[in-house]
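Structural description and commentary
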Amino acid sequence: MSDTEEQRRTLLVRRMTWEADGVLSVDLADPAGKPLPAWSPGAHLDVHVGGLVRQYSLCGDPADCGTYRIAVLDEPASRGGSRHVHTALRPGQTLDVAGPRNHFALEPAGSYVFLAGGIGITPILPMARQADRDGIPYRLVHGGRTRASMAFGAELARLTGGEVTLVPQDEQGHIDLAAALDGLADDALVYACGPEPLLAAVQEACPEGRLRLERFAAPAVERAGDDAAFEVECRRSGVTVAVGPGTSVLEAVEAAGVPVTSSCRDGICGSCETRVLAGTPDHRDFLLSEAEHSANATMMICVSRCASDRLVLDL
């Protein structure tokens, strides 16, 4: 679902706070003081910033219905979203957002292991707080380049219901995944967010079916010989397009003048998620679960294609 199908709102930048080297948090509120839509741990906002749409995890308190908090890592090599936040955005200005949206929801479990690398702590922090409140045992390990680069250390220190470990790489090396996953209970779930090398290592080490991931970037996947042409009907727009080899559904419908919100174009952010009305998608995203792929109710049109001759989409 894109923000053409959900409410897009303008929020006031109420506060910006230095959280760590290169990390600023941004508190957003309704300009008129109205309550904001509810959210749950793992949710993110689509933020229109610097002419781009970027996804930032909500890292505040879901119980605070008046404030959304996001945290942004300054990445000079990025396409400009984080640079705009760090160099141009100031309290008193406004940002357009859509959401919240959650593809990384905290599922019920007997216990949790939370693994965060760098800015990957942002979706993990509210999860740990929730486990704290619910009295569910957990282990949280946060790794980063240096202690000064690791955000929200003081807030993590205030968590009392679980075991929290900080692992600055310059002091202790990489996270010891074997130790972090040692004694994993049969009813435990593992949540991990961070750079791809960490997530790849967690996938290798974690028992099947127990891991939930949120990615910053799409992993490299080789595909060959499965890019046949197909047809897409955009039902609401009354437009039908041909999608050829080497062209994505997103590119084809954009060229036909059908508006779709998108951001990563790698199948990891969810901005272009679109309802499937007929046909069978060839899912190639890294966001939806296996059950969601099997249901074929939605697809990420930036990367996914068609396993039949024709798709009908709610566009």
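Anything mentioned here points back to the structure above.
Since this is a predicted model, take the numbers as computed values, not measurements. (Residues numbered from 1 in each chain as written. Predicted model: local features only at pLDDT ≥ 70, side-chain atom pairs only at ≥ 80, totals over all residues. Heavy atoms only, no water.)

**Side note on the overall build of the chain**
For the record, the criterion: Runs of E in the DSSP output that reach at least two residues are strands. Runs of H or I that reach at least four are helices, and both are numbered from the N terminus. Put simply, the radius of gyration uses C-alpha atoms, and a globule should come to 2.2 Å times the residue count raised to 0.38. Burial classes follow relative accessibility: with a 1.4 Å probe on protein chains only, a residue under 20% of its type's maximum area counts as buried, one over 50% as exposed, and anything between as partly exposed. Working rule for contacts: check all heavy atoms of both residues, and any pair within 4.5 Å makes them a contact. For accessible areas, the Shrake-Rupley method is used with a probe of radius 1.4 Å. Any residue's cover is judged against the shown protein chains and nothing else.
Counting its secondary structure elements, the chain contains eight helices and 18 strands. Taken against the 2.2 N^0.38 rule, which gives 20 Å for 315 residues, the C-alpha radius of gyration of the chain at 20 Å falls within 12% of a compact globule. In terms of overall dimensions, the chain has C-alpha extents of about 55 × 45 × 35 Å along its principal axes. Taken over 315 residues, the chain has a buried fraction of 50%. Counted over contacts in the chain with a minimum sequence separation of 6, partners at least 24 positions apart contribute 63%. Summed over all atoms, the accessible surface of the chain reaches about 14,000 Å², with 49% contributed by carbon and sulfur.

**So, the pairing of strand β12 (residues 230-234)**
Here is the rule: What makes two strands pair is DSSP finding at least two bridges between them.
Most of β12 is tucked away: four of the five residues are buried. As paired strands, β12 and strand β13 (residues 239-243) are joined by five bridges and run antiparallel to one another. The residue bridging Cys-234 from the neighbouring strand is Val-239, located in β13. The hairpin turn running from β12 into β13, its antiparallel successor, is four residues long, and Gly-238 in that turn takes a positive phi close to 70 degrees.

**Some points on the sheet that holds strand β18 (residues 310-313)**
Applied cut-off: Here an angle of 0 to 180 degrees is reported between the N-to-C directions of two axes, which are lines fitted to C-alpha atoms, with helices fitted over the stretch in contact.
Strand order in the open sheet formed by five strands is β13-β12-β18-β14-β16, with mixed pairing between adjacent strands. Where the open sheet ends on each side, the last strands, each with one partner, are β13 and β16 (298-300). Each neighbouring strand pair of the sheet contributes to a mean axis angle of 40 degrees, computed without reference to strand direction. Bridge count for β12 against β18 is four bridges, and the pairing is parallel. Following the sheet pairing, Val-232 is matched in β18 by Leu-311.

**Let's talk about helix α6 (residues 196-205)**
The α-helix winds at 3.6 residues per turn, so residues separated by three or four positions along the chain end up facing the same way. Let me state the cut-off plainly: The arc in question is traced by the directions running from the helix axis to the C-beta atoms.
Buried within α6 are the following residues: Leu-198, Leu-199 and Val-202. The arc that holds the buried residues of α6, viewed along the axis, is 95 degrees, so those residues lie on one side. Seen from the open side of α6, the exposed residues pointing more than 90 degrees away from its buried face are Pro-197 and Glu-204. Looking at the buried side of α6, the elements it contacts are β7 (111-117), α5 (177-181), β10 (188-194) and β11 (211-215).

**A short note on the pairing of strand β5 (residues 68-73)**
Burial analysis of β5 places five of its six residues in the buried class, the great majority of the element. One ladder, built from six bridges, connects strand β2 (residues 23-29) with β5; its direction is antiparallel. Opposite Val-26, over in β5, you have Ile-70 as the bridge partner.

**Some details on the sheet that holds strand β8 (residues 138-144)**
Here five strands make up an open sheet; going across it, the order is β9-β8-β7-β10-β11 and the pairing parallel. Whereas interior strands pair on both sides, the edge strands pair on one side only; in this sheet they are β9 (163-168) and β11. Across the sheet, the mean angle separating the axes of adjacent strands is 10 degrees when strand polarity is ignored. Across six bridges, β7 lies against β10 in parallel orientation. From the neighbouring strand, Tyr-112 faces β10, where its bridge partner is Leu-189. Packed onto the sheet, helix α2 (residues 121-134) meets β7, β8, β10 and β11 and runs at close to 155 degrees relative to β7.

**Regarding the environment of Ala-217**
Here Ala-217 is to be found in the loop between β11 and β12. It is 17 Å that separates the C-alpha atoms of Ala-217 and Glu-273, two residues lying 56 residues apart in sequence. With residues up to four places along the chain from it excluded, the contact list for Ala-217 reads Glu-196 and Ile-268.

**Brief notes about unusual backbone geometry**
Residue Pro-100 is bonded to the preceding Gly-99 through a cis peptide linkage, with omega at 10 degrees. By secondary structure assignment, the location of Pro-100 is in strand β6 (residues 94-101). Even without being glycine, Arg-265 reaches a positive phi, approximately 60 degrees. In this structure, Asn-296 is a non-glycine residue whose phi angle is positive, near 55 degrees. Within the secondary structure, Asn-296 is located in the loop between α8 (290-295) and β16. When its relative accessible area of 21% is taken as the criterion, Asn-296 is described as partly exposed.

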